[in-house]
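# Structural characterization, general
Here are the chains, one letter per residue:
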Amino acid sequence: MVRYTKEHKQETRQRIIATAGRRLKQDGIDGSGVATLMKDAGLTHGTFYAYFSSKDHLVATAVADQMRAQHETIVAQAAPGRAGLEQIIRWYFSPEQRDSIEDGCPNAALLDEIARSTDPTKQAYTDGVLTLIDGFAARLAPHDPPSARLKSLSLLGMLAGTLQLSRALTNRQLADQLLEQGIRNALALLDAEQHN
């Protein structure tokens, strides 16, 4: 029997989580079986339980990882203040973001299924959302971020809902126009906050 180092086992586990995150966003939680998730990671279905106790355990872990990655690669990298929020909004409402579901936002791809998921998955999502909106709030109200938390959560809802709707439309021109309108709406929300 082959013995692997702790590092190898951790790298393999992370590969499963990352590939599962992409597949879950592409095919949904219900549309992604364990065998497919493991095949995507280049592993057999039989090795799954060496890494996770259940599919729900993997889903919760993958959701947490996707939310963390979105924060680290998008929100944490954005400029401070309103300029940073505008960067985030323009990235979020780009046609590339809309068209690349597996590489895109976990909010827009999985929100409806997360609402029907297990408590650990909902908690992983909630924890990730709170980190995201804290990043928004720190840019929206740098001197008092807690005061902007609810407005930031509303902004995230606007972003995710608009992107979901744009993805669902068959008329590409209308879908593109919706993204442009989404940018205007989100920026208007930010400007309204500046004047309050």
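To start, this report covers the structure provided alongside it.

Analysis parameters
Residues numbered from 1 in each chain as written. Predicted model: local features only at pLDDT ≥ 70, side-chain atom pairs only at ≥ 80, totals over all residues. Heavy atoms only, no water. Axes fitted to C-alpha atoms, helices over the stretch in contact; angles between N-to-C directions. Helix = DSSP H or I, 4+ residues; strand = E, 2+ residues; numbered from the N terminus. Parallel < 35°, antiparallel > 145°, perpendicular 65-115°, else oblique. Left-handed = near helix turned anticlockwise from the far one by under 90°. Contact = heavy atoms within 4.5 Å. Nonpolar A, V, L, I, M, F, W, Y, C, P; charged D, E, K, R; others polar. Core = buried A, V, L, I, M, F, W, Y, C linked by side-chain atoms within 4.5 Å. Buried < 20%, exposed > 50% of the residue type's maximum accessible area, 1.4 Å probe, protein only. Expected span 1.5 Å × (residues − 1). Arc of directions from axis to C-beta.

Let's shift gears to the packing of helix α3 (residues 55-75) against helix α6 (residues 106-114). Between α3 and α6, the least distance of the axes is 11 Å, while the angle of their chain directions is 150°. By the criterion of interaxial angle, the relationship of α3 to α6 is roughly antiparallel. As α3 runs across α6, the sense of the crossing is left-handed. Judged by residue contacts, V63, Q66, M67 and Q70 of α3 engage P106, N107, L110 and I114 from α6.

As a further point, take the packing of helix α4 (residues 81-92) against helix α8 (residues 149-168). Think of two packed helices as two axes; the pair is described by the angle between the axes and how far apart they sit. Axis separation between α4 and α8 bottoms out at 10 Å; the angle between their running directions is 20°. Taken together, the axis directions place α4 and α8 in an arrangement best described as roughly parallel. Judged by the twist between their axes, the crossing of α4 over α8 is right-handed. Residues L85, I89 and Y92 of α4 form the contact with α8, whose own contacting residues are L155, L159, A160 and L163. Considered class by class, the residues forming the contact of α4 with α8 number 7 nonpolar, no polar and no charged.

Bringing the nonpolar core into the picture now. Core analysis: the largest hydrophobic core is formed by 50 residues, its most contacted members being L58, I89, Y92, F93, F136 and L155. Of all the elements in the fold, those that place two or more residues in this core are α1 (6-27), α2 (34-40), α3, α4, α6, α7 (119-140), α8 and α9 (172-195). If sequence neighbours within four positions are ignored, F136 has contacts with V75, L85, I88, S152, L155, L156 and L159.

To continue, consider α8. With 20 residues, α8 ought to run about 28 Å at 1.5 Å a step, and its terminal C-alpha atoms sit 29 Å apart, in line with that. The complete set of buried residues in α8 reads S152, L155, L156, L159, A160, T162, L163, S166 and R167. Each buried residue of α8 lies within a common arc of 165° when the element is viewed along its axis, so the set occupies one face. Turned more than 90 degrees off the buried face of α8, the exposed positions are L150 and A168.

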